[in-house]
Structure formats: C-alpha cells, structure tokens
Amino acid sequence: MKDEEIIELVHKIGEIQCETNVIELKSSSKGVTEKIYDTISAFSNQDMGGVIVFGINEENYKPCGVLDAELVQKRVGEQCEEMVPVVRPVLSCISIDGKKIVTAEVPSADYSDRPVYWKKAGLTKGSWIRVGDMDKRMSDYEIYKYQAYKKGIHDDQRIIESDWALLDKNLLNHYLEQVTIGKRNLFEHVSQDKMLELFRITQKEKPTLAAFLVFSQFPQAIFNNLCVTAVVIPGTQRGDNLSDGTRFLDNKRINGSIPSILSETMDFILKNTANRTVIDSSGVRNDVEQYPPEAVREAVLNALIHRDYSVFSENSPVRVEIFTDRLEITSPGGLYGRARIESLGYESLETRNSVLTSILETLKISENRYSGIPTMRNLLKRAGLPDPEFIDTGTTFKVILRSAPNKSVEQALTETERQILEYCRTPRTRKEIANHIGKTYNYVNSYLLKKMIMTGLLSLVKDENNKRNQRLRSSY
C-alpha cells in the first residue's frame, strides 16, 4: 500500500471504530506478532482478500505503534510460509505521529488453490473463512466445495447403487433418439448399453445420479429430499399468520423426476399467484400473471439444474415460498466455482452439473446454457417488474421475483378496502366478504369489489368459473 493509502485506512478505522470483513487489527505493541494463521487463511479464501494492520489499539482504534516493525514483518512472512499454498503478502511500514504502523495485504487466492490452510493444523482444522469481523473454521461442506472443484468432481455423475426405479423407458428412448440425430453413422454399430455409458447415463451398468433424476419416475425412493417444498405465506415474511392462526394458505411437497417436478411446481405457483389487470392505451382490459410464467419457469429450472447434489446437500430440497409481494426460490449450494453474482447472465460460467444440463438440453426441457437469466430479466422488464434479485450465501442460492404494486392506488385505499385486502389474504367468496364487512352483497360486489379487481388490488382464483362462488384473493 502507498503511504497515503495507509494513512487513509488508519483514519477510516478511527471513524468506523471496528474491524471488518477485510480489516483485521493487531496492536503488537510488544514487538511479537500474535498467531494470525486463521486470518491469513480467511483473507486468502475470499475474493477481496484483506489487510492486517499492526500497531492499532484494538480497544480505542487509535495508533499505538509497534515496538519493532522489522520483527513484525519477519513474523508475518514466516507464518505465511506455513500456509498451503504459501501466501505472499504485501508488507508496508509507515510512521504516523511517531508511531510505526505495519500493514500486511493478504491477496485472494485463485479459486482452484482454495482452501488455503495452515499446514500444521491440516486441511479440516486449518481452513478458515471470514464472517464479518471474525475468522471461523470452514465447515466440511465449505471445504468439500473447493476440493470438488479442484479435483473436477461432478456429483451429478456419481453412481447410484441401485437398479432403475420406475424407469420411464419412453423418455429414455426419446433421449437416445435425440442425442444421435445427425450422428447415425457414428453410433450405427454401438450397442445401447455402450451409448448409455458414453453419455454418462450409466457407469458400471448403474445409473448416474443425473440420469436417475430425469429418467426414474420416483427418484425419492432413494433420495427422499431431492424434491421441491412449496408454501404460500399469508404476508410478507415468514411467521405472518392469519387471525385464525393459519400459517400457510397452501403447501405441497413435490416429488417425481425433474421434468415432473418442474411441471407440478409451475402449476402450484401459477395457481397461487395473482392476476394483474392492465388497461392498454385503447382502454381494453387484459388480465396478466403476477409474474411472467416463462421467467418463473427459468428460475425454477435453474434451481433444479444448478443446485448442489453432493452428499452434503442431498437432504435439502429446493424451496419455493410465495409471499404476498414476492416469490422466492432457494436451492442448496451457492454459486459454482468462480461464478459471481455480478456476472450472472453476462458471462459464460462453469457448470456444476454438466451431464444433467446436457440431458435436459437434449430433451429440450432447458434451452442453451446461460440464456436463462437474460430471459428472466427481459421478461420482467417487459412486464414492468423489478429485475430479479440474487443472494448467494455460499451454502444456498436464492432468486427473488418481486411484484410491483401501484403505490398511488395503495396509498389511496379506504379503511374498508384495507379491511377487505387483509381478509382476502385467504381467498374468499363475494358473499363471505360482504358478511365480513357487514354490508349487502350487491353493494359490495358493485361498488367495492369491481373497482378493486379492476385496479389489481384483488385477483380471481384461477379455475373457478361460477361467479357467485368464485373466490378473490388479495394481490398485496
């Protein structure tokens, strides 16, 4: 670091009065550097690296200076030599008001070199990760993610020690037909068993996990939690209950093959999300889905294709949560390899489950790789909705699709309309609404509900055609 950068950093520390995910403080006033293997490891294992500042009082965050700057730098260098792989920090020294400050910039290790760990403690006990201002030992799963990437392990290709369970032979035959289109001469004398091996459908005459998830009609016979759990929450956060204690307006555990799960999950979401009423420039009313179905499908499909299928995550289902103002889809496992949130949809990224991806592309269940997120963004933009949000925790990946309420309409609500919206968080018939607010059916239907439906505050529950018994639900 340049001298002015160190001075600026020391000034910042005095202002924020704390350590951060990229700043670690050590007073080192006695000239002997404390053990910092954990911080060296943690900074090396994150994309932004980090800086260790020696000579700052850890209680008042003011410069106290180190006794022997040369010794501090020597000790830091020695400890960095004991890391695997060896870490090469950038060491700097400056005097501020007569007090010597030493900084050690720890660079981010390449993803393929992680986890960086302390040799004497070993891989499992010597690998650390930075969480806020603390260094925490990596979990077995966090270590495995790096090791699997480094060794080229793809869990979708692991062998399933079982015969096919309820094999969908028609779908398998269709796959083999599709995968050999234009290549008949190449496979003319190749047996079906050999073809299955070539395309990683089987290994050693056993199905691979990718194939099992697609071609077995009930993979949950072995992998109980490789499924989707879907819930409808009557509010904007978990724990929001109705006055009668109802926690979920609908919930379902969706099992089956990936094609079947995708179809059933889409049915569940479309059934439990509202229609919005849009009036075009010519005054024609059109009912549109709360979220574009194609965008929802891409989000669900991505969760099923790109989730982590390792033994560490196979007991975790994909979660679909429908709130009144948003749809959240959470899959086990964070982003794969070098992928970063900001690169999603803009760069060609490495694929965690290459065989599964290839099978679903061949079956035309998914499209060309990397097109899903741009498609989602475009569809949401066209629908006048916010961009999708992505959250990567390292162990989970979440996609959030938000609805866009008309704030001017929402702010102009009467107390009666607010009462109706609250009551209709559970779908209600017109008669139930009228009884609830203590007004006549005709008045409620003609002067309240019609307006609320037209402005999109209320939506009609799908597949209910009898007007008197048709239920309405709050769109907010």
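Everything here concerns the structure above.
The following paragraphs examine the structure supplied in this document. Please read all numbers here as calculations on a predicted model, not as lab measurements. (Residues numbered from 1 in each chain as written. Predicted model: local features only at pLDDT ≥ 70, side-chain atom pairs only at ≥ 80, totals over all residues. Heavy atoms only, no water.)

A look at the sheet that holds strand β2 (residues 50-54)
As a reminder, the rule being used: Think of it this way: DSSP has to see at least two bridges between two strands before they count as a pair. Numbered from the N terminus, helices here are DSSP runs of H or I no shorter than four residues, and strands are runs of E no shorter than two. Axis definition: a line fitted to C-alpha atoms, over the contacting stretch in the case of helices. Angles run 0 to 180 degrees between N-to-C directions. By the convention used here, residues are in contact when the closest approach between their heavy atoms is within 4.5 Å.
One open sheet holds the four strands; their spatial order is β1-β2-β5-β4, and the pairing between them is mixed. Each edge of the sheet is formed by a strand with only one pairing partner; in this case those strands are β1 (23-26) and β4 (90-96). Taking each pair of neighbouring strands and ignoring which way they run, the sheet shows an average axis angle of 20°. As paired elements, β4 and strand β5 (residues 99-106) share seven bridges and run antiparallel to each other. Considered in β5, the bridge of Ser95 is made with Lys100. The strands that helix α3 (residues 69-81) touches are β2, β4 and β5; relative to β5, the one it contacts most, it runs at about 15°.

Section: the packing of aromatic side chains
Worth spelling out the cut-off: What counts as a ring pair is set by centres within 6.5 Å for rings of Phe, Tyr and Trp (its six-membered ring), and what kind of pair is set by the plane angle: stacked under 30 degrees, edge-to-face over 60, tilted for all other angles. For the exposure calls, accessible area comes from a 1.4 Å probe over protein chains only, and a residue counts as buried if that area is under 20% of its type's maximum, exposed if over 50%, partly exposed in between. The criterion is that NZ of a Lys, or CZ of an Arg, lies within 6 Å of the ring centre and within 35 degrees of the ring normal, and then a charge sits over that ring.
A full pass over the atoms with the stated rule returns 12 aromatic pairs. Pairing Tyr37 with Trp118 gives two aromatic rings, centres 3.8 Å apart and planes at 10°, and the pair type is stacked. Remark: Trp118 occurs in strand β6 (residues 117-118) and Tyr37 occurs in helix α2 (residues 37-44); sequence separation between them is 81 residues. The exposure classification of Tyr37 matches that of Trp118, with both residues buried. Ring plane angle 90° and centroid distance 6.5 Å describe the contact between Tyr175 and Phe199, whose orientation is recorded as edge-to-face. Of the two residues, Tyr175 sits in helix α6 (residues 169-179) while Phe199 sits in the loop between α8 (192-198) and β9 (202-203), which places them 24 residues apart along the sequence. Overall, Tyr175 belongs to the buried group, its relative accessible area being 1%. Phe199 gets classed as partly exposed once you look at its relative accessible area, which sits at 22%. Pairwise contacts between aromatic rings join Tyr111, Tyr146, Tyr149 and Tyr336 into one cluster. A cation sits over an aromatic face here: Arg307 above Tyr309, 4.8 Å from the ring centre. Against the face of Tyr423 rests Arg428, its NZ or CZ located 4.0 Å from the ring centre.

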